[in-house]
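Descriptive analysis of the structure
Listed below, chain by chain, are the residues.
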Amino acid sequence: MTQKLTTEQLTQIIAEVGNLQASREAEIAPEEVKQILQELGLAPELLDEALVQMQRRQVLQVRQKRHRTIAIGVIAAVAIAITGTILTIQQHNSTLERVSTGSNRITLTQDDGADLRNITRQNSPEIFYRVTLKDAPVGQKLDLRCNWINPNGEIVHQNRYQTREIDKSIWNTHCRYTIGSASTPGRWKVQMFLQGRQLSETEFEVK
């Protein structure tokens, strides 16, 4: 060896040589192992098979440890994904719970700003239930439903629709229904729902 070593390298080499020597001293030669087996009354000829079985067991333990690590990683990833999904759903539901209504009006197709409460059925008018939503979630679309209920308490018509993507927190929307000449006269009402939660209700008279 011609390469010069630093003091730090020499210290490392001394430590490494010591480890190698200790490792070799701890090793037992096959002949010694067989002799020990004989002294214990065990069959020395089974030594090779025992070594193979021991190596297999060690490989199996390494494999099981790796599989456990992978399984733990998969479970952790699934748990994180589920938690993220739950938080997203909760946040979405919380956003929808804040939605309320401002003004609710019944108009004809041509909206002149009035609020009609008396409808003449002989004209078979198409009437609109115009609702102003407050705290509407910007960037989302809302699934809305309207129930048109006759004086007998029967739902004679339902509107189910999705709004356009909302771009402002105060949002105007509407549903519509045609009051035909055969419609039951009397006190009607129309209700608007957001995912099963009633947002508004308005009554009107059909004559």
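The model shown is predicted, which means the values in this text are computed figures rather than measured ones.

Looking now at the pattern of salt bridges. Under the criterion given, the structure shown has six salt bridges. For the salt bridge of Asp-111 with Arg-105, the shortest nitrogen-to-oxygen distance reads 2.9 Å. A salt bridge links Arg-117 to Asp-115, with the shortest nitrogen-to-oxygen separation between them at 2.8 Å. The structure contains a network of salt bridges with shared partners spanning Arg-105, Asp-111 and Arg-130.

Moving on, we come to the sheet that holds strand 4 (residues 143-149). The five strands lie next to each other as 2-8-7-4-5, forming an open sheet whose pairing is mixed. Only two strands of the sheet have a single neighbouring strand rather than two, namely strand 2 (118-119) and strand 5 (155-162). The sheet contact formed by strand 2 and strand 8 (residues 197-206) spans two bridges and is parallel. Within strand 8, the position partnered with Asn-118 by the bridge is Glu-205.

Another point: the nonpolar core. Formed by 25 residues in total, the largest nonpolar core has its most connected members in Tyr-129, Leu-133, Trp-148, Ile-179, Met-192 and Phe-204. Of all elements in the fold, only strand 3 (126-134), strand 4, strand 6 (171-178), strand 7 (186-194) and strand 8 reach the threshold of two or more residues within this core. Those residues in contact with Phe-204, other than ones at most four positions away along the chain, are Ile-106, Leu-116, Arg-117, Ile-119, Ile-127, Trp-148, Ile-179, Gly-186, Arg-187, Trp-188, Lys-189 and Val-190.

In this sheet, strand 5 lies alongside strand 4 in antiparallel orientation, the contact comprising seven bridges. Along strand 5, the bridge assignment pairs Ile-149 with Ile-155. Following strand 4, the chain reverses through five residues before pairing antiparallel with strand 5; Gly-153 in that reversal takes a positive phi of roughly 80°.

Reading the values: the criteria
Residues numbered from 1 in each chain as written. Predicted model: local features only at pLDDT ≥ 70, side-chain atom pairs only at ≥ 80, totals over all residues. Heavy atoms only, no water. Salt bridge = Lys/Arg side-chain N within 4 Å of Asp/Glu carboxyl O. Pairing = 2+ DSSP bridges. Helix = DSSP H or I, 4+ residues; strand = E, 2+ residues; numbered from the N terminus. Core = buried A, V, L, I, M, F, W, Y, C linked by side-chain atoms within 4.5 Å. Buried < 20%, exposed > 50% of the residue type's maximum accessible area, 1.4 Å probe, protein only. Contact = heavy atoms within 4.5 Å.

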